[in-house]
Amino acid sequence: EAEVAQSPRYKITEKSQAVAFWCDPISGHATLYWYRQILGQGPELLVQFQDESVVDDSQLPKDRFSAERLKGVDSTLKIQPAELGDSAMYLCASSLELSMGTEAFFGQGTRLTVV
Amino acid sequence: AQSVTQLDSQVPVFEEAPVELRCNYSSSVSVYLFWYVQYPNQGLQLLLKYLSGSTLVESINGFEAEFNKSQTSFHLRKPSVHISDTAEYFCAVKGSGYSTLTFGKGTMLLVSP
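Think of each chain on its own: its residues are numbered from 1, step by step along the sequence as written. Labels are handed out in written order, letters beginning with A for the chains and numbers beginning with 1 for the ligands. Given that this is a predicted model, residues contribute local features only at a pLDDT of at least 70 and side-chain atom pairs are listed and counted only at 80 or more, while totals for whole chains, interfaces and linings are drawn from all residues. Hydrogen atoms and water are omitted, and side-chain values are computed over all heavy atoms in the structure.

Engineer: Now, about the overall build of chain B: what can you tell me, with residues and values included?
Structural biologist: Helix and strand assignments follow DSSP, with helices taken as H or I runs no shorter than four residues and strands as E runs no shorter than two, numbered in order from the N terminus. Assigned secondary structure in chain B consists of zero helices and twelve strands. Going from the N terminus to the C terminus, chain B shows its helices and strands as β-β-β-β-β-β-β-β-β-β-β-β. Computed over C-alpha atoms, the radius of gyration of chain B comes to 14 Å, within 12% of the 13 Å expected from 2.2 N^0.38 for 113 residues, which places it in the range of a compact globule. When a residue's accessible area, from a 1.4 Å probe over protein chains only, is under 20% of the maximum for its type it is buried; when over 50% it is exposed; and in between it is partly exposed. Looking at chain B as a whole, 47% of its 113 residues qualify as buried. Here the contacts in chain B between residues at least 6 apart in sequence split such that 57% fall between residues at least 24 apart. Counting only carbon and sulfur atoms, one obtains 53% of the accessible surface of chain B, whose full area is about 5,500 Å². Here chain B contributes 7 positively and 9 negatively charged side chains, and the mean placements of these two sets differ by 12 Å. For this measure, only C-alpha atoms enter the radius of gyration; the expected value for a globule follows 2.2 Å times N^0.38, where N is the number of residues. Any two residues having at least one pair of non-hydrogen atoms within 4.5 Å are treated as being in contact. Working definition of accessibility: Shrake-Rupley area with a 1.4 Å probe, residue cover restricted to the visible protein chains. Positive charge is attributed to Lys and Arg, negative charge to Asp and Glu, and no charge count is given to His or to the chain ends. Charged side chains are reduced to one point each, which is NZ for Lys, CZ for Arg, CG for Asp and CD for Glu.

Here you go:
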């Protein structure tokens, strides 16, 4: 069964360091999402791609976060520099097509701890 | 803009009892509605979805949800819960067109023997 792949599963980094997460969506899925989930809360959208284009990055803290999906397939989310408040689960999801009501499929997530 | 409200942060229930997890949404356009389940340190898994047609939708493991347009609700129900249903449940809404998928804050379902 096709899955959304994310790596690493766990990451511990010191504040002020750079950190990067990788996501490989299900083959053929045009839409890719990055969410941040703080412990005990619901996922909050950081950035949303349709193919290689950013559709919504209004909630992405652009002074320290960046995201790219250069060839419209896999994606990288980067934080530089990391802050203590960035500790959270980072979830990647993909769906067939943004304009349709198809569901999003989620990866296992990357648990980030900033110390 | 769209939003989702899950009124209960935690719902404790005994095994084999019925349960309802509440979800209300707001949106200025027609919507698609979803319930996801999350187990500890895992990603989210789709439980069920409403896209169109029948307002009552069911999952393979006994959950059901009913879309109520007039009350803007999509409550999740199960007539008899199991210990294994213990998890966090998230309601999500997506508007038609190029809108994003927005989640509620989640409801922790705690099933005890």
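Right, picking up where we left off after that structure.
Engineer: Go over unusual backbone geometry with me, naming the residues and quoting the values.
Structural biologist: The linkage connecting S7 of chain A with the following residue, P8 of chain A, adopts the cis geometry, with an omega of -10°. Relative to the assigned elements, P8 of chain A resides in the loop between β1 (5-7) and β2 (10-13). For the peptide bond that leads from Q80 of chain A to P81 of chain A, omega is -5°, which places it in the cis range. By secondary structure assignment, the location of P81 of chain A is in the loop between β8 (75-79) and β9 (88-95). Notably, T72 of chain B is not glycine yet its phi reads approximately 45°, a positive angle.

Engineer: So, the side chain of T100 of chain B: which residues are in play, and what are the values?
Structural biologist: For T100 of chain B, the location among the structural elements is in the loop between β10 (87-95) and β11 (101-103). For T100 of chain B, a relative accessible area of 16% translates into the label buried. Polar contacts, as used here, are pairs of N or O atoms within 3.5 Å; protein pairs need one atom able to donate a hydrogen and one able to accept it. Residues neighboring in sequence count only if both atoms are side-chain atoms. One polar contact links T100 of chain B to Q48 of chain A, side chain to side chain, over a distance of 2.5 Å.

Engineer: Account for the pattern of salt bridges, with residues named and values stated.
Structural biologist: Note on definitions: salt bridges are taken to be side-chain nitrogens of Lys or Arg within 4 Å of carboxyl oxygens of Asp or Glu. Evaluation of the coordinates by the stated rule reveals eight salt bridges over all chains. The salt bridge involving R64 of chain A is made with E83 of chain A; its shortest N-O contact spans 3.3 Å. Taken together, the residues R64 of chain A in the loop between β6 (53-56) and β7 (65-68) and E83 of chain A in the loop between β8 and β9 connect sequence positions 19 residues apart. Since its relative accessible area comes to 12%, R64 of chain A is described here as buried. What makes E83 of chain A partly exposed here is its relative accessible area of 41%. The shortest N-O distance in the salt bridge between E103 of chain A and K49 of chain B comes to 2.7 Å. Of this pair, E103 of chain A sits in the loop between β9 and β10 (105-106) while K49 of chain B sits in strand β6 (residues 44-50), which puts the two residues in different chains. Judged by its relative accessible area of 30%, K49 of chain B is partly exposed.

Engineer: So what's going on with the nonpolar core? Residues and values would help.
Structural biologist: Within the largest apolar cluster, 27 residues are counted, with the highest numbers of intra-cluster contacts made by W35, F74, L76 and Y89 of chain B. Contributing elements (two or more residues each) for this core: β2 (10-14), β3 (19-21), β5 (31-38), β6, β8 (64-68), β9 (73-78), β10 and β12 (107-112) of chain B. By size, the runner-up hydrophobic cluster in this structure holds 20 residues, among which are V19, F49, Y90 and V114 of chain A. Only buried residues count toward a nonpolar core. Its members are Ala, Val, Leu, Ile, Met, Phe, Trp, Tyr and Cys residues joined through side-chain atoms within 4.5 Å.

Engineer: Tell me about the environment of V47 of chain A, and please be specific about residues and values.
Structural biologist: Residue and element names in this part refer to chain A. Mapped onto the elements, V47 comes out in strand β5 (residues 44-50). Between the alpha carbons of V47 and Q59 there is a distance of 7.2 Å; along the sequence they are twelve residues apart. Excluding anything up to four places from it in sequence, V47 contacts L32, Y33, W34, V54, D56, D57 and A67.

Engineer: Give me the lowdown on the interface of chain A and chain B, citing residues and values where you can.
Structural biologist: Accessible area lost upon the coming together of the parts is a frequently used measure of interface size. On the side of chain B, 21 residues touch chain A, which itself brings 26 residues to the contact. Summing both sides of the interface, chain A and chain B together bury roughly 1,800 Å²; the carbon and sulfur share of this comes to 51%. On inspection of chain A and its partner chain B, the count reaches one salt bridge. One can count seven residue pairs in polar contact (both at pLDDT 80 or more) joining chain A with chain B. Only β4 (31-37), β5 and β9 of chain A provide two or more residues apiece to the side of chain A that touches chain B. In terms of residues, the side of chain A that touches chain B owes the most to one element, β4 of chain A, which gives three residues. When its residues are assigned to classes, the side of chain A that touches chain B shows eleven nonpolar, ten polar and five charged. What counts as buried area is the accessible surface, traced by a 1.4 Å probe, that two parts surrender upon association, with contributions from both included. Note on residue classes: Ala, Val, Leu, Ile, Met, Phe, Trp, Tyr, Cys and Pro are nonpolar, Asp, Glu, Lys and Arg are charged, and everything else, Gly too, is polar.

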